[in-house]
Amino acid sequence: MATFVLVLGTVVAALFLYKLLGHLNRPRHPLPPGPRPWPIVGNLPHLGAVPHHSIADLAKTYGPLMHLRLGFVDVVVAASASVASQFLKTHDANFSSRPPNSGAKYIAYNYQDLVFAPYGPRWRLLRKISSVHLFSGKALDDFRHVRQGEVGILVGALSRVGAGTANLAQLLNICTINALGLVMLGKRVFGDGTGVQDPKADEFKSMVVEVMVLAGIFNIGDFVPALERFDLQGVAAKMKKLHKRFDNFLAGIVEEHDRSIANGTLKHDDMLSTLIRLRDNPDEEGNRLTNTEIKALLLNMFTAGTDTSSSTVEWAIAELIRHPKIRARLQHLVFFSGSACLSGGTTYWCVCKGGLGDAFLQKALDYACSAGTDCGPMKQTGACYSPNTVRAHWSYAVNSYVYQRKGQAQGLFWLCFPFEY
Ligand code: HEM
């Protein structure tokens, strides 16, 4: 009997506490419809193994504006383009801050970066500096030559591999990091620009990939605050360890820049120099940055801006390998990107665009010869050998290729004439 009273008393007390906590935690504003949350875990069990699929299914029942309770965190889901636009455009300022999470705390210098800084004057300052130096159309135009240069180095490194095997993922990553390094720091981060790999590049890529992996783990402590301190999955411990590795790397970059500024060897005014100036002297509005904020911004750019871009290109190339027809169309487009083709009645001819280097034209020429064009007339004994310039041979090859494709019959004299403008 005493046991029964004890059990009953415990159940009643637990229910009372649960109701009381539920009442205290109840949001002050009405929330959109959603599946009924479970005690403690809320709607976490509704997410299943593939959360975006489960959420899409739930939206079919509850509509495009839906409320979920993940642990103790209220989440409002926008599940249609028009509702998303309400959040991202109409009410943008109200929803600009990202929710707190352990990655921001342990990796991103406790929210002192751009990605996780709450919306406000500090975020606006970091965002303005990033826009001027990196994100604006003007910045992109100004640094076109940097991207082209690094892509040129990548292509050179790939063509040196020849028929061997290339680690494309790594080369793409180095290309992206170095392009970003040149814009942000005024120097490459890895390698000397000859495309030769730097062992530190592997270490760096592994750190960036680890950030992505850790950021993607569902960390229970982010949703049930009472459990945060126990770090049940060991995620926070891994983040702290990774943060130390990143901090060493970034501190080294800032210190080196400080030294270059001090001894007058810095040649360019890059983004890091602007950040360092704002650390050492406030701007006209009294804004200043700390060393930690500088490292945090570098961390953002080198993580958000490297693996994203290089993996996208790697993915696109993997898709091209899987789809030979699309690959052939692309090769065809690249091949013709050097030419301006004109149609005059029943005839069709192509002229070489000005300003193109021989290396580019030679590649197009090789492509035409490998794609079935009869390149015999360009050989030393052939009718189109002379004038013996890449440009003239290009003219022959590209026109011959076009005529052959269009079933157009043309005399060799016409073909051999090196048109250009
Ligand atoms: C294929 C390449 C990329 C993809 C798919 C991508 C995707 C994204 C997405 C989805 C966001 C979140 C936007 C939001 O919450 O409103 C974002 C934010 C951001 N990205 Fe990228 N990104 C790419 C390349 C880059 C590059 C090259 C950089 C830097 C050089 C960069 C730096 C950032 C930063 C700093 C933010 C946070 C901006 C803020 O909170 O104000 N990203 N990116």
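Residues numbered from 1 in each chain as written. Predicted model: local features only at pLDDT ≥ 70, side-chain atom pairs only at ≥ 80, totals over all residues.

**As for the overall build of the protein chain**
Helix and strand content of the protein chain: 19 helices and four strands. By residue count, 23% of the 421 residues in the protein chain fall in the buried class. (Helix = DSSP H or I, 4+ residues; strand = E, 2+ residues; numbered from the N terminus. Buried ≥ 20, exposed ≤ 12 C-beta atoms within 10 Å, placed from the backbone.)

**Regarding the nonpolar core**
Counting residues in hydrophobic clusters, the biggest one holds 42 residues, and the most contacted among them are A108, I177, L180, M184, L297, L298 and L299. Elements with a contribution of two residues or more to this core: α8 (144-161), α9 (168-185), α10 (199-216), α12 (235-262), α13 (271-280) and α14 (291-304). Here this core takes eleven residues from α9, the largest share from any one element. Leave out the neighbours within four places in its chain, and L299 touches A108, D113, F246 and L250. The next biggest cluster of nonpolar side chains, apart from the first, holds twelve residues, and it includes C384, A392, Y396 and Y401. (Core = buried A, V, L, I, M, F, W, Y, C linked by C-beta atoms within 7 Å. Contact = placed C-beta atoms within 7 Å.)

**Side note on the site of the ligand**
The immediate surroundings of the ligand are formed by L114, V115, R127, L134, L180, N300, M301, A304, G305, T308, S309 and T312. Those elements that place two or more of their residues in the shell around the ligand are α6 (121-135), α14 and α15 (307-322). Considering only residue class, the shell around the ligand consists of six nonpolar, five polar and one charged. (Near = placed C-beta within 6 Å. Nonpolar A, V, L, I, M, F, W, Y, C, P; charged D, E, K, R; others polar.)

**Concerning the pairing of strand β1 (residues 65-70)**
With respect to burial, β1 is a largely interior element, five of its six residues being buried. With six bridges connecting them, β1 and strand β2 (residues 73-78) associate as antiparallel partners. Looking at β2, one finds that L68 is bridged to V75. Between β1 and the antiparallel strand that follows it, β2, lie two residues; G71 among them carries a positive phi value of about 65°. (Pairing = 2+ DSSP bridges.)

**Points about the packing of α6 against α13**
For the pair α6 and α13, interaxial distance at closest approach is 10 Å and the crossing angle is 155°. Comparing the axis directions of α6 and α13 gives the class roughly antiparallel. Seen along the crossing, α6 lies across α13 with a hand that is right-handed. For the pair α6 and α13, contact is made by I129, H133 and L134 and by M271, T274 and L275, respectively. Tallied by class, the residues present in the contact of α6 with α13 amount to four nonpolar, two polar and no charged. (Axes fitted to C-alpha atoms, helices over the stretch in contact; angles between N-to-C directions. Parallel < 35°, antiparallel > 145°, perpendicular 65-115°, else oblique. Left-handed = near helix turned anticlockwise from the far one by under 90°.)

**Observations concerning unusual backbone geometry**
The amide bond that connects S386 to the next residue, P387, takes the cis arrangement and shows omega of 0°. Mapped onto the secondary structure, P387 falls in the loop between α17 (358-370) and α18 (390-406). Residue I40 is not a glycine yet carries a positive backbone phi of 65°. Among the structural elements, I40 can be located in the loop between α1 (2-25) and α2 (44-47). Given 14 C-beta atoms within 10 Å, I40 falls into the partly exposed group. Positive phi outside glycine occurs at N110, with the angle close to 50°. As for its position among the elements, N110 is in the loop between α5 (102-106) and α6.

**Quick look at the packing of α8 against α9**
If you want to describe how two helices pack, look at the angle between their axes and the distance between the axes. Where α8 contacts α9, the axes come no closer than 9 Å and their chain directions differ by 155°. In this view, α8 runs roughly antiparallel relative to α9, as classed from their interaxial angle. Taken as a pair, α8 and α9 cross one another with a handedness that is right-handed. Between α8 and α9, the residues in contact are V146, R147, E150, V151, L154, A157 and L158 and L171, C175, N178, A179, L182 and V183, respectively. When grouped by side-chain class, the residues that make up the contact of α8 with α9 number ten nonpolar, one polar and two charged.

**Description of helix α3 (residues 51-62)**
Along its twelve residues, α3 runs 16 Å from first to last C-alpha, staying within 8% of the 16 Å computed at 1.5 Å per residue. Of all the twelve residues making up α3, one are buried; the element is thus mostly uncovered. Looking one or two places after α3, you find G63, whose phi comes out positive at around 95°. (Expected span 1.5 Å × (residues − 1).)

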